[in-house]
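# Fold and contact review
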Amino acid sequence: MGGLMESVTRRRFVWLAALGAGTVALGGCESGPREQAPSATAFDTPAEGAGASDDNGGDSAAAEAEAALMARVEAMTLEQKVAQLFVVAPEALVEGVSQVTQAGDATHEGVRTWPVGGIVYFAANLVDPDQVTAMLANVRQFYADDGNVAPFLAVDEEGGTVVRVADNEAFGVQDVGDASALGAAGDEAAAKSAAEQIAAYLKPLGFNLDFAPVCDVVDPLRSDTMGLRSFSSDANVCAAMVKAEVQGFLGAGMLCCAKHFPGIGSAPGDSHTGAITVEKTAEELAAVDFVPFKAAIEAGVPMIMVGHVDLPNIVEGAVPASLSSAVAQGMLRDTLGFTGIIVTDSLAMGAITDRYSAAEAAVAALAAGCDVPLMPENFRKAYQGVLDAVAAGELTEERIDESVTRILKVKQRYIGL
């Protein structure tokens with residue numbers, strides 16, 4: 001552990017040396033906390049041909065940004081890169097604390113030792129606006145002080161039945177309501193406005209990532225689990241609503257995540273408690289369930305979450321989609337052409353923990369092509385498991401670099417490094 005901590009404290013200087021002074025202004029070399037709120041256009045999907053300008057200035061800036069990003073990846077130790085892959089609950093980083101509501105010395109020690117790529121907060125962590133604002137500002141400061149890549153500060157805030165802020169009277173914000181109601185109204189402008197409203201109260205608190213919107217096309221004859229969280233049983237309605245929400249989130253300066261690929265709307269049961277199954281063929285998924293995800297990709301969604309659904313007509317051996325290369329790499333990357341961050345659903349869910357250890361699940365997710373093993377049941381065992389897998393040749397450092405590069409590209413563009 002001591003060697004890692006020394007490496008973390010040295011890394012800022014290694015990176016600056018690799019870049020050369022003043023090459024590109026990026027958040028990683030600032031000494032204070034970075035809100036670094038993007039301009040109104042920073043979250044827009046680049047137009048075709050974007051980057052062209054007089055004297056190729058846009059191309060030159062893009063090349064410099066790319067060089068800076070690659071220099072940063074190269075300057076990171078393997079331990080830092082593996083930590084960057086994980087997004088965890090704040091309790092995973094401190095000893096003996098069951099409910100984190102502040103970021104003090106224990107949290108600083110945790111993120112110094114394990115500079116994870118992000119932290120996701122739940123209702124129990126969020127007391128009131130002043131407390132949340134101070135807690136997240138402290139976390140950003142800890143990363144900046146240690147020269148680490150700025151973290152995702154995330155929350156699940158879909159509206160309706162899944163909210164962490166809007167159901168707490170202390171925050172004084174209005175719940176935008178269930179996705180099903182928005183879909184039933186068929187009002188794309190209202191869906192976009194709902195996303196903008198969520199971003200408007202999350203962003204001042206310090207959050208930069210919302211795990212929304214839901215893309216699942218619900219099948220009420222097979223499952224009621226996603227009934228209120230899904231926009232519709234009509235794939236085209238879902239697609240229109242999803243596109244509007246992604247545009248709303250990004251336009252308001254809030255990263256978002258489309259979920260739960262390849263679609264769990266027809267799966268009976270709940271993956272929180274155990275395995276769930278969708279009996280569809282690849283052709284059936286493509287005709288219905290992929291449609292909202294395609295819309296999200298077209299709208300520029302930076303992150304897609306893969307669900308823990310078994311697909312017996314596609315994936316052999318009862319392997320959940322989140323740990324299957326046929327799904328993450330084959331369907332999402334190769335078929336749909338998604339180049340952003342692929343995150344698993346929480347690896348602490350029963351659909352995973354009933355069948356895999358924390359280390360096994362994290363390694364399998366990365367081997368399948370996912371970039372972020374989200375909230376493993378035991379983060380420290382999962383982290384060490386990935387390091388052990390690299391040492392054993394089960395994963396290569398080049399494979400780790402691929403995911404770290406994708407993560408840092410999103411951060412560089414939207415929140416700074």
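Keep in mind the model is a prediction, meaning the values are calculated, not measured.

## Here we look at the overall build of the protein chain
Counting its secondary structure elements, the protein chain contains 14 helices and nine strands. Per-residue burial for the protein chain yields a buried fraction of 55% across its 417 residues. If you take every contact in the protein chain between residues at least 6 apart in sequence, the share linking residues at least 24 apart comes to 78%. Of the accessible surface of the protein chain, which amounts to about 16100 Å², a share of 51% is contributed by carbon and sulfur atoms.

## Describing the side chain of Lys411
Secondary-structure assignment places Lys411 in helix H14 (residues 397-414). No salt bridge is formed by the buried Lys411. Its closest oppositely charged neighbour is Asp371, at 12 Å. Here the side chain of Lys411 touches Gly117 through a polar contact of 2.7 Å, landing on its backbone oxygen.

## Quick notes on the nonpolar core
Phe86, Phe152, Phe207 and Phe261 are the most contacted members of the largest nonpolar core, which has 129 residues in total. Counting residues per element, this core draws most heavily on helix H8 (residues 235-251), which supplies eight residues.

## A closer look at the pattern of salt bridges
All told, the structure shown has 15 salt bridges when counted by the stated rule. A salt bridge links Asp219 to Arg222, with the nearest nitrogen and oxygen atoms 3.1 Å apart. Arg333 serves as the salt-bridge partner of Asp371, at 2.7 Å between the closest nitrogen and oxygen. Residue Asp371 is located in the loop between helix H12 (358-368) and helix H13 (379-391), and its partner Arg333 is located in helix H10 (residues 325-335); the two are separated by 38 residues in the primary sequence. Accessibility classification places Asp371 together with Arg333 in one group, the buried group. Salt bridges sharing common partners tie together Asp156, Glu158, Arg164, Arg229 and Lys259.

## Quick look at the packing of helix H3 (residues 78-85) against H14
Interaxial distance between H3 and H14 falls to 9 Å at its minimum, and their mutual angle equals 60°. Considering the angle they form, H3 stands oblique to H14. For the pair H3 and H14, the sense of crossing is left-handed. Contacts from Leu78, Lys81, Val82, Gln84 and Leu85 of H3 reach H14 at Glu397, Ile400, Asp401, Ser403, Val404, Ile407, Leu408 and Lys411. Considering only residue class, the contact of H3 with H14 consists of seven nonpolar, two polar and four charged.

## Thoughts on helix H7 (residues 188-202)
Under the 1.5 Å per step criterion, the end-to-end length of H7 is 21 Å for 15 residues, consistent within 8% with the ideal 21 Å. The complete set of buried residues in H7 reads Ala191, Ala194, Ala195, Ile198, Ala199, Tyr201 and Leu202. In this structure, the buried side of H7 is in contact with strand S3 (152-155), helix H6 (179-185), strand S4 (209-210) and H8.

## A short note on the state of the cysteines
Overall, the coordinates contain zero disulfides when judged by the stated rule. Its sulfur unpaired, Cys215 is 8.0 Å from the next cysteine sulfur, which belongs to Cys238.

## Quick word on the sheet that holds strand S1 (residues 87-88)
Here seven strands make up an open sheet; going across it, the order is S1-S2-S3-S4-S5-S7-S9 and the pairing parallel. Each edge of the open sheet carries a strand with a single partner, namely S1 and strand S9 (341-344).

## Looking at the pairing of strand S5 (residues 255-261)
Buried residues dominate S5, accounting for seven of its seven residues. In the sheet, S4 pairs with S5 via two bridges, with the strands oriented parallel. Looking at S5, one finds that Asp210 is bridged to Cys256. Once the chain exits S4 it traverses H8 before rejoining the sheet at S5, and the crossover so formed is right-handed. As paired strands, S5 and strand S7 (residues 303-306) are joined by four bridges and run parallel to one another. In the sheet register, Cys257 faces S7, and the bridge partner there is Met303.

## Quick word on the confidence of the model for the protein chain
Averaged over all residues, the pLDDT of the protein chain is 87; the fraction at 70 or higher stands at 87%. Here residues 1-54 is modelled with pLDDT under 50, and outside its nearest four sequence neighbours on either side it reaches 98 contacts, counting other chains as well.

## Remarks on H14
The end-to-end C-alpha distance of H14, which contains 18 residues, comes to 26 Å, matching closely the 26 Å that a straight helix rising 1.5 Å per residue would cover. Regarding H14, the residues found buried are Arg399, Ile400, Ser403, Val404, Thr405, Arg406, Ile407, Leu408, Val410, Lys411, Gln412 and Tyr414. Within two residues after H14, Gly416 carries a phi angle of roughly 90°, on the positive side.

## Brief notes about the pairing of strand S2 (residues 118-121)
Covered by surrounding structure in S2 are Gly118 and Val120 together with Ile119 and Tyr121, the residues of both alternating faces. Both S1 and S2 contribute to a ladder of two bridges, which runs parallel. Across the sheet, Val87 pairs through a bridge with Gly118, a residue of S2. Viewed along the sheet, the connection from S1 through helix H4 (residues 105-113) into S2 turns out right-handed. The pairing of S2 with S3 spans four bridges and is classified as parallel.

## Focus: the packing of aromatic side chains
For the structure shown, the criterion picks out six aromatic pairs. Ring geometry for Tyr121 and Phe207: centres 6.2 Å apart, planes at 70°, overall edge-to-face. A residue pair is termed long-range when its members are at least 10 positions apart, and Tyr121 in strand S2 and Phe207 in the loop between H7 and S4 qualify at 86 residues. Across this residue pair, the class does not change: Tyr121 and Phe207 are buried. Pairwise contacts between aromatic rings join Phe86, Trp114, Phe379 and Tyr383 into one cluster.

The rules behind these values
- Residues numbered from 1 in each chain as written.
- Predicted model: local features only at pLDDT ≥ 70, side-chain atom pairs only at ≥ 80, totals over all residues.
- Heavy atoms only, no water.
- Helix = DSSP H or I, 4+ residues; strand = E, 2+ residues; numbered from the N terminus.
- Buried < 20%, exposed > 50% of the residue type's maximum accessible area, 1.4 Å probe, protein only.
- Contact = heavy atoms within 4.5 Å.
- Areas by Shrake-Rupley, 256 points an atom, 1.4 Å probe, with all protein chains shown as cover.
- Lys, Arg positive; Asp, Glu negative; His and termini not counted.
- Salt bridge = Lys/Arg side-chain N within 4 Å of Asp/Glu carboxyl O.
- Polar contact = N/O pair within 3.5 Å; in protein donor to acceptor, adjacent residues only side chain to side chain.
- Core = buried A, V, L, I, M, F, W, Y, C linked by side-chain atoms within 4.5 Å.
- Axes fitted to C-alpha atoms, helices over the stretch in contact; angles between N-to-C directions.
- Parallel < 35°, antiparallel > 145°, perpendicular 65-115°, else oblique.
- Left-handed = near helix turned anticlockwise from the far one by under 90°.
- Nonpolar A, V, L, I, M, F, W, Y, C, P; charged D, E, K, R; others polar.
- Expected span 1.5 Å × (residues − 1).
- Disulfide = S-S within 2.5 Å.
- Pairing = 2+ DSSP bridges.
- Right-handed = clockwise from strand over helix to strand, strands pointing away.
- pLDDT = per-residue confidence, 0-100.
- Phe/Tyr/Trp six-rings, centres within 6.5 Å; stacked < 30°, edge-to-face > 60°.

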